[in-house]
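Now for the letters of each chain:
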Amino acid sequence: MVWRVHSNLLGMFTGGFASLVLQCLHPLAMAGVDQHSSYRQDPVRRLNQTTGFIAVTSFGSCQQARAAIARVRRRHGPVRGTAPDGRPYAASDPALLTWVHVAEASCFLSGYQAYGEAR
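Residues numbered from 1 in each chain as written. Predicted model: local features only at pLDDT ≥ 70, side-chain atom pairs only at ≥ 80, totals over all residues. Heavy atoms only, no water.

What about the packing of helix α2 (residues 9–24) against helix α6 (residues 94–115)?
Packing of α2 against α6 leaves a shortest axis separation of 7 Å and a crossing angle of 145 degrees. Here α2 runs over α6; the crossing is right-handed. Contact residues: L10, G11, M12, T14, G15, G16, A18, S19, L22 and Q23 in α2; W99, V100, A103, E104, C107, F108, G111, Y112 and Y115 in α6. A per-class count over the contact of α2 with α6 returns 11 nonpolar, 7 polar and 1 charged. (Axes fitted to C-alpha atoms, helices over the stretch in contact; angles between N-to-C directions. Helix = DSSP H or I, 4+ residues; strand = E, 2+ residues; numbered from the N terminus. Left-handed = near helix turned anticlockwise from the far one by under 90°. Contact = heavy atoms within 4.5 Å. Nonpolar A, V, L, I, M, F, W, Y, C, P; charged D, E, K, R; others polar.)

Quick word on the layout of surface pockets
One number sums up the size of the largest pocket: a volume of about 1,600 Å³. R46, T50, H76, V100 and E104 are, among the 49 residues lining the largest pocket, the residues nearest its centre. Every element with two or more residues in the lining of the largest pocket is listed here: α1 (2–7), α2, α3 (27–36), α4 (43–59), α5 (62–76), β2 (88–90) and α6. The biggest single contributor to the lining of the largest pocket is α4, with 12 residues. Here the lining of the largest pocket is composed, by residue class, of 28 nonpolar, 15 polar and 6 charged. Computed from the structure, the second largest pocket encloses a volume of approximately 390 Å³. If you trace the second largest pocket, you find 17 residues lining it, with M12, F13, G16, L47 and T51 closest to the centre. Elements supplying a minimum of two residues to the lining of the second largest pocket: α2, α4 and α6. Of the residues forming the lining of the second largest pocket, the biggest block, 8 residues, is contributed by α2. When its residues are assigned to classes, the lining of the second largest pocket shows 10 nonpolar, 6 polar and 1 charged. (1 Å grid on protein atoms, 1.4 Å probe; cavity = no way out; pocket = protein on both sides within 12 Å on 5 of 7 lines; lining within 4 Å. Points joined across faces, edges and corners; volume = space filled by probe spheres on them.)

Side note on the environment of Q63
When you line up the elements, Q63 lands in helix α5. On the basis of relative accessibility, which here comes to 66%, the residue Q63 falls in the exposed class. Distance from Q63 to Q49, taken between C-alpha atoms, is 18 Å for residues 14 residues apart in sequence. (Buried < 20%, exposed > 50% of the residue type's maximum accessible area, 1.4 Å probe, protein only.)

What follows is the structure, given as structure tokens:
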């Protein structure tokens, strides 16, 4: 099912955009992105990193997926800080990771349902 959903370019484009917007609604996720990401200086590069990760973990070999996951864990490990409202955050926080990944899965599936073969 992942291959089918992630192979639909229009669904992934619209779902991906919706996912980014939804993720930005979480103040701790946005604080981490704002304080630790290159999205302001080079948004295309940052977006390509994310889409590359999704492509490798969806369509790559198990070895490629594990290597990509290890790279993301290493990069996200030191991502910690304090949000503008004073709350601490960490990119490794299970609740924060759940928010991000559920937003992605939900929005990718919604994009597929709207624009994919399932219409």
